[in-house]
Amino acid sequence: MEFERKRAKTREERLRERRLSKLERKEERLLEEKQPSFLSRKAAEMASPVIHKVKEKLPSKAEQTAQKSAELLQKAFEKSFDVVLEKGSSWIGKICGEEKKLQRYEVFSQKPLSGWELSKLGCEVAARASANMVFSSVQGGMMGALGIGLPDVPIFLAAVFKTLFEISLSFGYPYDTKQEQTYQMLLICAAVGEEAERKQAAVDANIVAQQIRMGTGICSVSFEEAKQRASTALCSAALMGKMVQGAPIIGVYGGFRNGVLLKQIGTVAAVKYQQRMLRER
């Protein structure tokens with residue numbers, strides 16, 4: 001019996017090492033790949049005449065307008081983070097089915113680690129993330145068709161955190177502590193924005209995860225710093241989409257950018273949470 005237990009343990013260790021190696025390679029690819037354009041080629045061709053006319057009318061003010069739009073969007077994201085996390089997180093958690101997901105993970109954690117169980121868990125996470133992506137794309141597209149840009153930000157952020165909460169719960173982690181939400185905002189930074197910032201955010205997220213596990217109550221990255229970095233990253237990634245989204249009809253293409261960003265965030269979060277779970281199991 002003792003021999004069989006040691007053999008099973010060794011098998012689990014090998015599986016864990018293989019899976020972690022695979023996840024690390026996937027993370028590296030995600031952090032190095034170029035951010036996709038917010039418009040498809042066809043959509044860009046359709047939007048081009050509108051954008052060209054705007055530039056013709058306001059050539060001297062184009063840069064000033066872009067700067068002002070960036071500042072407004074940055075403030076919109078910062079305020080929306082406060083609203084969603086401070087007032088809406090418990091409501092979002094209930095929609096996520098917190099108890100069911102934690103119970104499901106408890107059953108998973110009691111079983112011997114296997115490739116089948118890990119793949120099954122990963123598929124469930126991917127299915128929920130895809131559903132959120134579809135909702136966000138449709139919702140953003142509808143608001144874009146009406147020429148609604150900035151007011152869409154809180155709804156988009158709610159969809160982002162619903163995705164992050166579902167992923168964290170699926171891997172057995174809470175979603176409603178300041179430390180965990182700091183970790184999640186760093187995952188947003190690791191998914192969108194400039195390549196250097198994405199790589200640094202991934203490193204910072206690993207450090208914060210270790211600090212959470214140690215239970216010191218202290219994070220090397222503060223909640224406010226993580227919020228600022230996530231707001232800046234999302235502002236940078238969403239700016240052009242929101243500017244186009246603010247134009248009726250053609251704005252539908254900018255609105256679909258929501259789904260693209262949500263997919264990036266969900267993909268990175270699923271990789272990082274699975275890595276974290278395997279390292280701590």
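Numbers given to residues run from 1 along each chain, matching the order in which its sequence is written. Given that the model is predicted, a residue must reach a pLDDT of at least 70 before its local features are reported, and side-chain atom pairs must reach 80 or more before they are shown or counted; all residues, however, enter totals for whole chains, interfaces and linings. By convention in this description, side-chain values take in all heavy atoms of the structure and omit both hydrogens and water.

### Topic: the packing of helix α5 (residues 98-110) against helix α7 (residues 153-170)
Stated formally: Note on definitions: angles span 0 to 180 degrees between N-to-C directions of axes, and those axes are lines fitted to C-alpha atoms, for helices only across the stretch in contact. Going along the chain from the N terminus, every DSSP run of H or I of four or more residues is numbered as a helix, and every run of E of two or more is numbered as a strand. Contact criterion: two residues are considered in contact whenever any of their non-hydrogen atoms come within 4.5 Å of each other. Side-chain classes are defined by residue name, with Ala, Val, Leu, Ile, Met, Phe, Trp, Tyr, Cys and Pro counting as nonpolar, Asp, Glu, Lys and Arg as charged, and the others, Gly among them, as polar.
Closest axis-to-axis distance for the α5/α7 pair is 8 Å, and the angle between their directions is 35 degrees. Listed contacts from α7 to Glu98, Lys101, Leu102 and Tyr105 of α5 are Glu166, Leu169 and Ser170. Grouping the amino acids of the contact of α5 with α7 by side-chain chemistry returns three nonpolar, one polar and three charged.

### A look at the packing of aromatic side chains
Threshold: Two aromatic rings from Phe, Tyr or Trp, using only the six-membered ring of Trp, form a pair when their centres are within 6.5 Å; if the ring planes differ by under 30 degrees the pair is stacked, by over 60 it is edge-to-face, and anything between is tilted. The classification of residues rests on relative accessible area computed with a 1.4 Å probe and restricted to protein chains. Under 20% of the type maximum is buried, over 50% is exposed, and intermediate values are partly exposed. By the criterion adopted, a ring carries a charge over it if an Arg CZ or a Lys NZ lies within 6 Å of its centre and within 35 degrees of its normal.
Under the defined criterion, the tally for this structure stands at six aromatic pairs. Consider the rings of Phe81 and Phe161, whose centres lie 5.7 Å apart with planes at 80 degrees: the pair is edge-to-face. Of this pair, Phe81 sits in helix α3 (residues 62-87) while Phe161 sits in helix α7, placing them 80 residues apart in sequence. Pair check on accessibility: Phe81 and Phe161 agree, each one buried. Ring plane angle 50 degrees and centroid distance 5.9 Å describe the contact between Phe161 and Phe165, whose orientation is recorded as tilted. Here Phe165 and Phe161 lie together in helix α7, a separation of four residues that amounts to about one turn. Joined through ring pairs, the aromatic side chains of Phe81, Phe161, Phe165 and Tyr175 make up one cluster. Over the ring of Phe223 we find Lys178; its NZ or CZ atom is 3.9 Å from the centre of that ring.

### Quick look at the side chain of Lys227
The cut-off we apply is this: Here a polar contact is taken to be a pair of N or O atoms separated by no more than 3.5 Å, where protein atoms must pair a possible hydrogen donor with a possible acceptor and residues adjacent in sequence count only if both atoms sit in side chains.
Here Lys227 lies in helix α10 (residues 223-245). Reaching out from Lys227, the side chain makes a polar contact with the side chain of Glu224 at a distance of 3.2 Å. Other than its neighbours up to four places away in sequence, Lys227 contacts Glu78, Phe81, Asp82 and Met185.

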